[in-house]
Amino acid sequence: MIHSKQKFSFGTKTDTLIRLKPLLLHSHVPELLCFSVTDWEDDPDILVQKIRSYFSDGLVIVRSSAYHEDSDLATMAGIHDSISDVHVDNIDLLHKSIKKVVSSYERIHNSRSQLDQVLIQRMINNISTSGVVFTQDMNTGAPYYVINYDDQTGRTDTVTCGGQHSNKTLLIHRENGQNLHSERFKSLHKAVQEIEKITNCSALDIEFAVGWDNEVYVFQVRKITTQANWNRGLSIKVNDATLRVESFVSERFR
């Protein structure tokens, strides 16, 4: 666990995952390799060989990790390309996938930063559930874990891409997670709480997947950028209202 005097520092998608990876006990960051766009442009063949050597064989996903993609003030989720199911032995496809991700960095600023990175991660299979969890209601700051998820396709990108199976939502009141019955969501809830504690932040946007064995995989962690619009007294009002409703219902059932 991170030392109490140390402050967790968010960075690019890759930087944040690298800093989190050794601290997680209740979730996993899939095996990863990253490099700068500058290094790619200097010698792409060397990097392709490095990728093939590092992952040995199998499928990877080529992901964006642009310097301007996430910040405390704004997020550009989904604006850049990610290419999944790329076999490391398919050198031509690996080249094309990385070039496509790098090219997508110019969509916003018509230029690239020397700090832009490309993230290569091993594909995770045997997925029961995947999606995005917000640790507060994104629009209002109400005290709920809001989980948008897909438990139909076995893919990890349907929610972030807005696919047809991405329309399921589970809300968990932040004070009542102990009442969950689903093993997969209990595992996810435990993993999310650990990440909140490590980062010392309760306003997070976390991209995740849960395996059939209820192992939790973390693909991205960033701060929610809509906090400035939240009503700071809303959580107190919601918590008070839920306690009163619980008391009322319990009394009637008695």
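Please refer to the structure higher up on the page.
Residues numbered from 1 in each chain as written. Predicted model: local features only at pLDDT ≥ 70, side-chain atom pairs only at ≥ 80, totals over all residues. Heavy atoms only, no water.

**A few points about the sheet that holds strand 9 (residues 216-223)**
The condition is simple: DSSP calls a pair of strands paired once it identifies at least 2 bridges connecting them. Comment: elements are numbered from the N terminus, with helices defined as DSSP H or I runs of at least four residues and strands as E runs of at least two. Angular values range over 0 to 180 degrees, each being the angle between N-to-C directions of two axes fitted as lines to C-alpha atoms, with helices fitted over their stretch in contact.
Strand order across the open sheet formed by five strands is 7-6-5-8-9, with antiparallel pairing between neighbours. Every interior strand has two partners, whereas the edge strands, strand 7 (168-173) and strand 9, have only one. For this sheet, the mean inter-axis angle between neighbouring strands, taken without regard to orientation, is 20°.

**Section: the sheet that holds strand 3 (residues 83-87)**
The condition that has to hold: The contact criterion used throughout is that any non-hydrogen atoms of two residues lie within 4.5 Å.
Strand order in this open sheet of four strands is 1-4-2-3, and the pairing throughout is antiparallel. Each edge of the open sheet carries a strand with a single partner, namely strand 1 (32-36) and strand 3. Neighbour-to-neighbour, the strand axes of the sheet open up by a mean angle of 25°, direction not taken into account. Summarising the sheet, strand 1 and strand 4 (residues 117-122) pair through five bridges and their orientation is antiparallel. Bridge pairing links Leu-33 to Ile-120 in strand 4. Helix 3 (residues 44-55) contacts strand 1, strand 2 (59-65) and strand 4 of the sheet and is inclined by roughly 165° relative to strand 1. Lying over the sheet, helix 4 (residues 91-103) contacts strand 1, strand 2, strand 3 and strand 4, oriented at roughly 20° with respect to strand 2.

**Description of the packing of helix 3 against helix 4**
The cut-off we apply is this: In this scheme the crossing of two helices becomes right-handed for a clockwise turn of the near helix relative to the far one and left-handed for an anticlockwise turn of less than a right angle. Throughout, the ten residues Ala, Val, Leu, Ile, Met, Phe, Trp, Tyr, Cys and Pro are labelled nonpolar, Asp, Glu, Lys and Arg are labelled charged, and all others, Gly among them, are labelled polar.
Helix 4 packs onto helix 3 with a crossing angle of 115° between their chain directions and a minimal axis gap of 11 Å. For the pair helix 3 and helix 4, the sense of crossing is right-handed. Touching Pro-44, Asp-45, Val-48, Gln-49, Ile-51 and Arg-52 of helix 3 are Ile-91, Leu-94, His-95 and Ile-98, all from helix 4. In terms of residue class, the contact of helix 3 with helix 4 is made up of six nonpolar, two polar and two charged.

**Points about the nonpolar core**
Our working rule: Here, the term nonpolar core denotes a set of buried Ala, Val, Leu, Ile, Met, Phe, Trp, Tyr and Cys residues that are joined through side-chain atoms within 4.5 Å. The buried label goes to any residue with under 20% of its type's maximum accessible area, the exposed label to any with over 50%, and the partly exposed label to all in between, with areas taken from a 1.4 Å probe on protein chains only.
Ranked by size, the top nonpolar core spans 34 residues in total, and within it Ile-147, Leu-188 and Ile-206 carry the most contacts. Listed by contribution, the elements that provide at least two residues to this core are helix 1 (13-20), strand 5 (127-134), strand 6 (144-150), helix 7 (183-199), strand 8 (204-211) and strand 9. When near neighbours in sequence (up to four residues on either side) are disregarded, Ile-147 contacts Val-132, Val-133, Lys-168, Thr-169, Leu-170, Ile-172, Phe-185, Leu-188 and Phe-208. Within the second largest apolar cluster, 21 residues are counted, among which are Val-37, Val-62, Val-88 and Ile-98.

**Structural notes on the environment of Ala-191**
Secondary-structure assignment places Ala-191 in helix 7. Residues Ala-191 and Val-218, spaced 27 residues apart in sequence, show a C-alpha to C-alpha distance of 9.0 Å.

**Some thoughts on the packing of aromatic side chains**
Spelled out, the test is: The rule is short: rings of Phe, Tyr and Trp, with Trp giving its six-membered ring, pair when the centres are within 6.5 Å, and they are stacked under 30 degrees, edge-to-face over 60, tilted in between.
Overall, the coordinates contain four aromatic pairs when judged by the stated rule. With 6.2 Å between their ring centres and 25° between their planes, Phe-35 and Trp-40 make a pair best called stacked. Each member of the pair, Phe-35 as well as Trp-40, carries the same accessibility label: buried. Geometrically, the ring pair formed by Tyr-149 and Phe-185 is edge-to-face, given 5.1 Å between the ring centres and 70° between the ring planes. Taken as a pair, Tyr-149 in strand 6 and Phe-185 in helix 7 lie far apart in primary sequence, 36 residues in all. Phe-185 carries the same exposure label as Tyr-149, and that label is buried.

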